[in-house]
Amino acid sequence: MNITIKQLEVFLAIAKHENLSKAAEELYITKGAVSQALQELERQLNIHLFDRVHPNIRLNHEGKRLRPLADEILHRMKEVNNLFNKEKEHFLKIGVSKTIGTHILPRLFANFQENFHWLPKAYIANTTELLELLETVTVDAILLEGYVNHNEINIEPWLDDEMAVFSHKNHKLADGKIHKIQELKGENWILREPNSGTREFFEQSLGQLIYPYEVTQTLNTPESVLGMVEQGLGITFISKLIAELPKNEDRFGIIQLDKKFTRTLSICYHKKKYHSQSMDQFLNFCRVWQLS
């Protein structure tokens, strides 16, 4: 058996895209070369790694078994290349949910770079997409605000994030007094999309206490939600970290409630994921880092 690094790179690219043409584009080779490398890998292993239903190609059970091992081999090869290199290259891709990416990641990255003089590559998306990227080993780890229940993913509690109800600064309930949750009934809600961690937390906590509620706008970024709220088009449920930003102090009102809502942000990674030195360095830093 003579499996090559290139064959494993091709395999992971196909597993990532589930498309031969896109895998070829990523690797800067022809579609024919991708197909040939995959066929040779499957021939040597004497097994099919993908189910082929034209025009689609889907990773099967055997392919899923190989994926974390192939990823580990490629990362170990990169570490071998770095072993005697004074200017080491760091290969780390992290996924970040949108609220974390907008309001926490810049401070986290600034502190990390100050200490270690390099930064991971970051990809910002909603919770559902990030979990898919983690399952396919497209990213090495994710920083998440949503709930995770997955047998193959390790979840570590990271930071506490208090939530708040934001409104137009002149909203009748944004008067600094403590209000009962039931006073929110009848309000128009502007919320994040259903696959986001913020929307999920709303539905599992505050939303259940005021049901039924009226969602007048569903938007996919914190900034777009806040823009609507600032214009007085409704109220929203969002991280209190956003209210504490200097640029937002005079833009919004906060409706104080007689109950607090706090969620836990998480560090997540695949249980079979190989931990490179770069990955351990970044995750260990996150574990002790404090938001200030």
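### Topic: the overall build of the protein
Line of reasoning, step 1. For the protein, the count of helices and strands is twelve helices and eleven strands.
Line of reasoning, step 2. Across its three principal axes, the protein shows a C-alpha extent of roughly 75 × 50 × 30 Å.
Line of reasoning, step 3. The burial tally for the protein puts 46% of its 292 residues in the buried class.
Line of reasoning, step 4. Of the roughly 15800 Å² of accessible surface on the protein, 49% is carried by carbon and sulfur atoms.
Line of reasoning, step 5. If you average the places of the 35 positive and of the 38 negative side-chain charges in the protein, the two averages end up 1 Å apart.

### Some remarks on the layout of surface pockets
Line of reasoning, step 1. Considering only enclosed or pocket space, the largest pocket measures out at about 620 Å³ in volume.
Line of reasoning, step 2. In terms of lining residues, the largest pocket is bounded by 22 residues, among which Glu 26, His 75, Lys 78, Phe 91 and Lys 93 are the most central.
Line of reasoning, step 3. Only helix 1 (5–17), helix 2 (20–27) and helix 4 (61–82) provide two or more residues apiece to the lining of the largest pocket.
Line of reasoning, step 4. Within the lining of the largest pocket, the residues separate by chemical class into ten nonpolar, four polar and eight charged.

### Some thoughts on the side chain of Arg 67
Line of reasoning, step 1. With respect to the secondary-structure elements, Arg 67 resides in helix 4.
Line of reasoning, step 2. Buried charge Arg 67 goes without a salt bridge, the closest partner of opposite sign being Glu 152 at 5.6 Å.

### Considering helix 3 (residues 31–45)
Owing to its 3.6 residues per turn, the α-helix brings residues three or four apart onto one side.
Line of reasoning, step 1. End to end, helix 3 covers 21 Å across 15 residues, agreeing with the expected 21 Å (1.5 Å per residue, within 8%).
Line of reasoning, step 2. Those residues of helix 3 that fall on the buried side of the exposure criterion are Val 34, Ala 37, Leu 38, Leu 41, Glu 42 and Gln 44. For helix 3, the angular spread of buried residues about the axis comes to 165°, placing them on one side. For helix 3, the exposed residues set more than 90 degrees away from the buried face come down to Gln 36, Gln 39 and Arg 43.
Line of reasoning, step 3. Turning to helix 3, the residues buried within the fold contact helix 1, helix 2, strand 1 (50–53), strand 2 (56–59) and helix 4.
Line of reasoning, step 4. Among the residues trailing helix 3, Asn 46 stands out with phi positive, at a value near 60°.

### Some thoughts on the pairing of strand 7 (residues 188–192)
Line of reasoning, step 1. A large share of strand 7 lies buried, amounting to four of its five residues.
Line of reasoning, step 2. Looking at chain direction, strand 7 and strand 8 (residues 214–219) are connected through five bridges and run parallel. What sits directly across from Leu 191, in strand 8, is Thr 218.

### Section: unusual backbone geometry
Leave glycine aside and you will find that most residues have negative phi; peptide bonds, for their part, are mostly trans.
Line of reasoning, step 1. A cis amide bond, omega 0°, links Tyr 211 with the succeeding residue Pro 212.
Line of reasoning, step 2. Counting through the fold element by element, Pro 212 comes out in the loop between helix 9 (206–210) and strand 8.
Line of reasoning, step 3. If you check the backbone angles, Glu 18 has positive phi at about 50° while not being a glycine.
Line of reasoning, step 4. Counting through the fold element by element, Glu 18 comes out in the loop between helix 1 and helix 2.
Line of reasoning, step 5. Backbone geometry places Val 137, a non-glycine residue, at a positive phi of 55°.
Line of reasoning, step 6. Residue position: Val 137 is located in the loop between helix 7 (127–135) and strand 5 (141–144).
Line of reasoning, step 7. Classification of Val 137 as buried rests on a relative accessible area of 13%.

### So, the packing of helix 1 against helix 4
Line of reasoning, step 1. The interhelical angle for the contact between helix 1 and helix 4, taken along N-to-C directions, is 125°, at an axis separation of 10 Å. Compared by their axis directions, helix 1 and helix 4 come out oblique. The chirality of how helix 1 crosses helix 4 is left-handed. Across the interface between the two elements, Ile 5, Leu 8, Glu 9, Phe 11, Leu 12 and Ala 15 of helix 1 pack against Gly 63, Leu 66, Arg 67, Ala 70, Asp 71, Ile 73, Leu 74 and Met 77 of helix 4.

### Observations regarding the packing of aromatic side chains
Line of reasoning, step 1. One pass over the full model with this rule turns up 15 aromatic pairs.
Line of reasoning, step 2. Ring centres of Phe 112 and Trp 118 lie 5.1 Å apart, and the angle between their planes is 85°; on these two criteria the pair is classed as edge-to-face.
Line of reasoning, step 3. The class for Phe 112 is buried, based on a relative accessible area of 0%.
Line of reasoning, step 4. Through a chain of ring-to-ring contacts, three or more aromatic side chains come together here, namely Trp 189, Phe 201, Phe 202, Tyr 211, Tyr 213, Phe 237 and Phe 261.

### Focus: the nonpolar core
When a protein is soluble and globular, its nonpolar side chains tend to lie buried together.
Line of reasoning, step 1. Counting 24 residues, the largest nonpolar core has Ile 94, Ile 104, Leu 108, Trp 158 and Phe 282 as its most contacted members.
Line of reasoning, step 2. Among the secondary structure elements, those contributing two or more residues to this core are strand 3 (93–97), helix 6 (105–116), strand 5, strand 6 (153–168), strand 11 (261–270) and helix 12 (277–288).
Line of reasoning, step 3. No other element matches the five residues that helix 12 contributes to this core.
Line of reasoning, step 4. Dropping the residues within four chain positions of it, Ile 94 is found in contact with Leu 105, Phe 109, Pro 120, Lys 121, Ala 122, Tyr 123, Val 139, Ala 141, Leu 143 and Phe 282.
Line of reasoning, step 5. Counting residues in each nonpolar core, the second largest holds 21 residues, with Phe 11, Ala 23, Val 34 and Ile 57 among its members.

### Points about the environment of Lys 64
Line of reasoning, step 1. Tracing the backbone shows Lys 64 in helix 4.
Line of reasoning, step 2. Distance in space between the C-alpha atoms of Lys 64 and Thr 136 is 8.4 Å, their sequence separation being 72 residues.

Reading the values: the criteria
Residues numbered from 1 in each chain as written. Predicted model: local features only at pLDDT ≥ 70, side-chain atom pairs only at ≥ 80, totals over all residues. Heavy atoms only, no water. Helix = DSSP H or I, 4+ residues; strand = E, 2+ residues; numbered from the N terminus. Buried < 20%, exposed > 50% of the residue type's maximum accessible area, 1.4 Å probe, protein only. Areas by Shrake-Rupley, 256 points an atom, 1.4 Å probe, with all protein chains shown as cover. Lys, Arg positive; Asp, Glu negative; His and termini not counted. Charge placed at Lys NZ, Arg CZ, Asp CG, Glu CD. 1 Å grid on protein atoms, 1.4 Å probe; cavity = no way out; pocket = protein on both sides within 12 Å on 5 of 7 lines; lining within 4 Å. Points joined across faces, edges and corners; volume = space filled by probe spheres on them. Nonpolar A, V, L, I, M, F, W, Y, C, P; charged D, E, K, R; others polar. Salt bridge = Lys/Arg side-chain N within 4 Å of Asp/Glu carboxyl O. Expected span 1.5 Å × (residues − 1). Arc of directions from axis to C-beta. Contact = heavy atoms within 4.5 Å. Pairing = 2+ DSSP bridges. Axes fitted to C-alpha atoms, helices over the stretch in contact; angles between N-to-C directions. Parallel < 35°, antiparallel > 145°, perpendicular 65-115°, else oblique. Left-handed = near helix turned anticlockwise from the far one by under 90°. Phe/Tyr/Trp six-rings, centres within 6.5 Å; stacked < 30°, edge-to-face > 60°. Core = buried A, V, L, I, M, F, W, Y, C linked by side-chain atoms within 4.5 Å.

Structural measurements only, silent on function.
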